[in-house]
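Each chain, written out:
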Amino acid sequence: MKRYLHVALIVVLLLLMANLLIGIGVFHESLGLIMGLLVLVHLVQNRTWWQSLFKGKYNVQRFVLVLLNVALAIGIVITMISGIRMSHYVIPNTIFFKQMGTIRLIHHYAAYWVFIICAAHVGLHVPVITGRWPVLKRALQSQNIWLQGIVALICLYGAYAFWYESLFMYLTFISDFAYFDFDQPVLLFLFNYFSIFILVAAIFYRLFGVRRNG
Amino acid sequence: MKRILLVLVSLIMALAIWGCSSKADSAAQPAKVSTEAVKPNGKTLVVYYSLPMTYDPAKMTEKEADNSAVIKDGKVYGNTEYFANVIKEASGADIFRIETVKIYSDDYQTLIADAKEEQRVNARPEMKANVPDLSQYDTIFVGYPNWWGDMPMVLYTFFEANDFSGKTIIPFNTHGGSGFSDTINSIQKLEPNAKVVKDGLSISRNDINDAAPQIQNWIKSLGFGK
């Protein structure tokens, strides 16, 4: 069952990035709450990892992994709290809050970094994923040239999508407001973000992924 | 591997289709109006809403000047106000400024929070005055800044107070990065019997200072040049 949670996490993340493209604010806010719940379950399911943080030796790989996981957890908390503060469909906010503009900015900055770190997180956990999806494990081990080709193509497209969706501007805080093209099909937006996700995951898998053949 | 990709992509497709169908709930999106169909055949009006942080250059911070105002020949204009005036000069149209009875704060943070609150309660801020005799106009340019991914709520008051049936609405807006957001669809929903031009012009606050030539070209391309 854990593996379906993982899929759900990725799918909900992609839908969250689409924000108002998939419908009025109530969808985005509800998905945010669902994401919170999914992440909570995910954290609980992996509590032994957190418990073992201060045990054992650290090498570069483990350090990167811990750093990213902690950053991800913090980023998600920040995104959630700022989102809840701004909510007007799902959370009964009634108090006028002067810092709304700052809260929005925090949410905007955190959201895009969470997206990227999530992808890195997946890249670093490829063995865990292939452990739960035998078909993926077979694919990875087979070194089939066609499969590698498809993934490479998606990664290449992901680089293009990274530029197209202005991710660099958002991640470096150059752009304060997210641009959404409401004339573009939502599917294209989702595929763009999916490709970026795969690209970042692949990069981190190559750079820091633990190679385990079990 | 292929199966997993298939499952994931199918899931995303299914959800995207669901997402797309909720967009189809909004008034059937009219086909993009070609520029030929926009040629003026009656009087033209430019309506706009603009709220620069202050009109006093002495009180203006550099950031406020950058983000919300255009200063030409020592005169201060709001971004959208400047945009509207360029359209007016280029087309010879009449011009009308939407103003609210409510006076908004000149503190940026307070203003933003207020705008968000208005969105939350779906407010309809009262206009000081409505367009006197909309019936004489066939084409109306409507301009507004992008506030929280939408039109300022007073624009909802404006559209609900007027009937644009049989008229052409040409949107223009200024923004900090979000472009039109979904406001063109919102306008179409509010005025289902109006022709809402899809290729409105959206200009970033970073570009509005030097945008006069671009605006003039756009007016010409629509057939409204003087």
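Predicted model, so just to flag it, every value in this text is computed and none were measured.

A.B. asks: Just give me the short version of the overall build of chain B, but keep the residues and values in it.
C.D. replies: When helices and strands are counted, chain B shows 7 helices and 8 strands. Counting over 226 residues, chain B shows a buried share of 54%. Across chain B, every contact between residues at least 6 apart in sequence was considered, and the portion connecting residues at least 24 apart equals 78%. Accessible surface for chain B amounts to roughly 10200 Å². Of this, 52% is attributable to carbon and sulfur atoms.

A.B. asks: So, the UniProt feature "transmembrane region" (unreviewed entry) in chain A: which residues are in play, and what are the values?
C.D. replies: Residue and element names in this part refer to chain A. Residues annotated in UniProt with the feature "transmembrane region" (unreviewed entry) correspond here to residues 7-27, 33-50, 62-86, 106-124, 145-164 and 184-208. Taken end to end, residues 33-50 is 94% helix and 0% strand, and its two terminal C-alpha atoms sit 23 Å from one another. In residues 145-164, helix accounts for 100% and strand for 0%; the two terminal C-alpha atoms are 28 Å from one another.

A.B. asks: Outline helix 5 (residues 100-124) of chain A, supporting the account with residue identities and numerical values.
C.D. replies: Counted at 1.5 Å a residue, the expected span for helix 5 of chain A with its 25 residues is 36 Å, and the 35 Å between its end C-alpha atoms agrees. The buried fraction of helix 5 of chain A amounts to 21 of the 25 residues, a majority that puts the element mostly inside the structure.

A.B. asks: Any chance you could break down the packing of aromatic side chains for me, citing the residues and the numbers?
C.D. replies: Counted under the stated rule, the structure contains 25 aromatic pairs over all chains. Considering the side-chain rings of F141(B) and W218(B), the 5.7 Å spacing of their centres and the 75 degrees angle between planes classify their relative orientation as edge-to-face. With F141(B) in strand 5 (residues 137-145) and W218(B) in helix 7 (residues 212-222), the pair connects residues that are 77 residues apart, well separated along the chain. Of the two residues, F141(B) and W218(B), neither departs from the other in class, the shared state being buried. Its end group placed over the ring of W133(A), R3(A) keeps NZ or CZ at 4.2 Å from the ring centre.

A.B. asks: Hey, could you go over the side chain of H6(A) for me, with residue numbers and the actual values?
C.D. replies: Residues and elements named next belong to chain A. Within the secondary structure, H6 is located in helix 1 (residues 2-17). Note on H6: relative accessible area 18%, which makes it buried. Discounting residues that sit within four places of it in the chain, H6 has contacts with H42 and R132.

The rules we used
Residues numbered from 1 in each chain as written. Chains lettered and ligands numbered in written order. Predicted model: local features only at pLDDT ≥ 70, side-chain atom pairs only at ≥ 80, totals over all residues. Heavy atoms only, no water. Helix = DSSP H or I, 4+ residues; strand = E, 2+ residues; numbered from the N terminus. Buried < 20%, exposed > 50% of the residue type's maximum accessible area, 1.4 Å probe, protein only. Contact = heavy atoms within 4.5 Å. Areas by Shrake-Rupley, 256 points an atom, 1.4 Å probe, with all protein chains shown as cover. UniProt positions renumbered as here; feature names shortened; annotations may be inferred. Expected span 1.5 Å × (residues − 1). Phe/Tyr/Trp six-rings, centres within 6.5 Å; stacked < 30°, edge-to-face > 60°. Lys NZ or Arg CZ within 6 Å of the ring centre and 35° of its normal.

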